[in-house]
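Residue-level structural notes
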Amino acid sequence: MHQSIGAVMDKLIWFGFGIYFIVLSIKKREKLGNKAAFIRFAGILFIFIGLLSAIMSIIKSR
């Protein structure tokens, strides 16, 4: 289950963007209006992609 630094950083970037988009959609809800829901969905999607990537790399390493 050894992963390179690049693979770990890739997963952290996905999680970071996801969390950033969720926080942005909450903080700027008034200014964004209807777009806030789409930005929150994008954040959840980024986190899901990061989790899926982590799970697939664990399965692949076995």
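Use the structure listed above.
Let me begin by describing the structure that accompanies this report. (Residues numbered from 1 in each chain as written. Predicted model: local features only at pLDDT ≥ 70, side-chain atom pairs only at ≥ 80, totals over all residues. Heavy atoms only, no water.)

**Digging into the overall build of the chain**
Keep this limit in mind: The helix and strand labels rest on DSSP assignments: H or I over at least four residues marks a helix, E over at least two residues marks a strand, and numbering proceeds from the N terminus. The reference for a compact globule is 2.2 Å times residues^0.38; the radius of gyration itself is calculated from the C-alpha atoms. Burial classes follow relative accessibility: with a 1.4 Å probe on protein chains only, a residue under 20% of its type's maximum area counts as buried, one over 50% as exposed, and anything between as partly exposed. Any two residues whose heavy atoms approach within 4.5 Å at even a single point are treated as in contact.
A count of helices and strands for the chain gives 3 helices and 0 strands. Ordered by position in the sequence, the α and β elements of the chain form the string α-α-α. Taking 11 Å as the expected radius of gyration for a compact globule of 62 residues, we find that the chain reaches 14 Å, considerably beyond that expectation. A principal-axis box enclosing the C-alpha atoms of the chain has dimensions of 45 × 15 × 10 Å. The buried share among the 62 residues of the chain stands at 13%. Once local pairs closer than 6 in sequence are excluded, the contacts in the chain between residues at least 24 apart make up 56%.

**Things to note about a nonpolar patch on the surface**
Rule in force here: Exposure above 30% relative accessible area and the lack of any salt bridge qualify a residue for a patch; like charges then connect within 9 Å, and the nonpolar side chains Val, Leu, Ile, Met, Phe, Trp and Tyr within 5 Å. The protein chains shown are the only cover counted for residues, whose accessible areas, like all others here, come from Shrake-Rupley with a 1.4 Å probe. Whenever Lys or Arg places a side-chain nitrogen within 4 Å of a carboxyl oxygen from Asp or Glu, that contact is recorded as a salt bridge.
On the surface, Phe41, Leu45, Phe48, Leu51, Leu52, Ile55, Met56 and Ile59 cluster together into a nonpolar patch covering about 800 Å² of accessible area. You can see Leu52 is positioned in helix H3 (residues 35-61). The exposure class assigned to Leu52 is partly exposed, which follows from its relative accessible area of 41%.

**Overview of helix H1 (residues 5-27)**
Rules: To estimate the expected span of a helix, count its residues, drop one, and scale the result by 1.5 Å.
In a regular helix each residue adds 1.5 Å, so 23 residues correspond to 33 Å; H1 covers 32 Å between its end C-alpha atoms and thus fits that length. Inspection of H1 places Lys11, Gly18 and Ser25 among the buried residues, and these make up the whole buried set. On its buried face, H1 sits against helix H2 (29-32) and H3.

**Brief notes about the packing of aromatic side chains**
In plain terms, the rule: Only Phe, Tyr and Trp rings take part, Trp by its six-membered ring, and two of them pair if their centres are within 6.5 Å. Stacked means planes under 30 degrees apart, edge-to-face means over 60, and tilted covers everything else.
Counting across every chain of the model gives 5 aromatic pairs. A network of ring pairs unites the aromatic residues Trp14, Phe17, Tyr20, Phe21 and Phe46 as a single cluster.

**Some words on the environment of Ala36**
Assignment of secondary structure puts Ala36 in helix H3. It is 33 Å that separates the C-alpha atoms of Ala36 and Ile5, two residues lying 31 residues apart in sequence. Ala36 has contacts with Ser25 and Arg29, leaving out every residue within four places of it along the chain.

**Remarks on the packing of H1 against H3**
Defined as follows: Where helices are involved, their axes are fitted lines through C-alpha atoms of the stretch in contact, as for all axes, and angles between N-to-C directions lie from 0 to 180°. Each angle receives one of four descriptions, namely roughly parallel if under 35 degrees, roughly antiparallel if over 145, roughly perpendicular if within 65 to 115, and oblique otherwise. Helix crossings get a hand from a simple test, with the near helix turned counterclockwise from the far one by less than a right angle marking a left-handed crossing and a clockwise turn marking a right-handed one. Lys, Arg, Asp and Glu make up the charged group, whereas Ala, Val, Leu, Ile, Met, Phe, Trp, Tyr, Cys and Pro make up the nonpolar group; the residues left over, Gly among them, are polar.
Running from amino to carboxyl end, H1 crosses H3 at an angle of 160°, the nearest separation of the two axes being 8 Å. The angle between H1 and H3 places the two elements in the roughly antiparallel class. Considering how the two elements wind past one another, H1 and H3 form a crossing that is left-handed. For the contact of H1 with H3, the class distribution of residues is 17 nonpolar, 6 polar and 3 charged.

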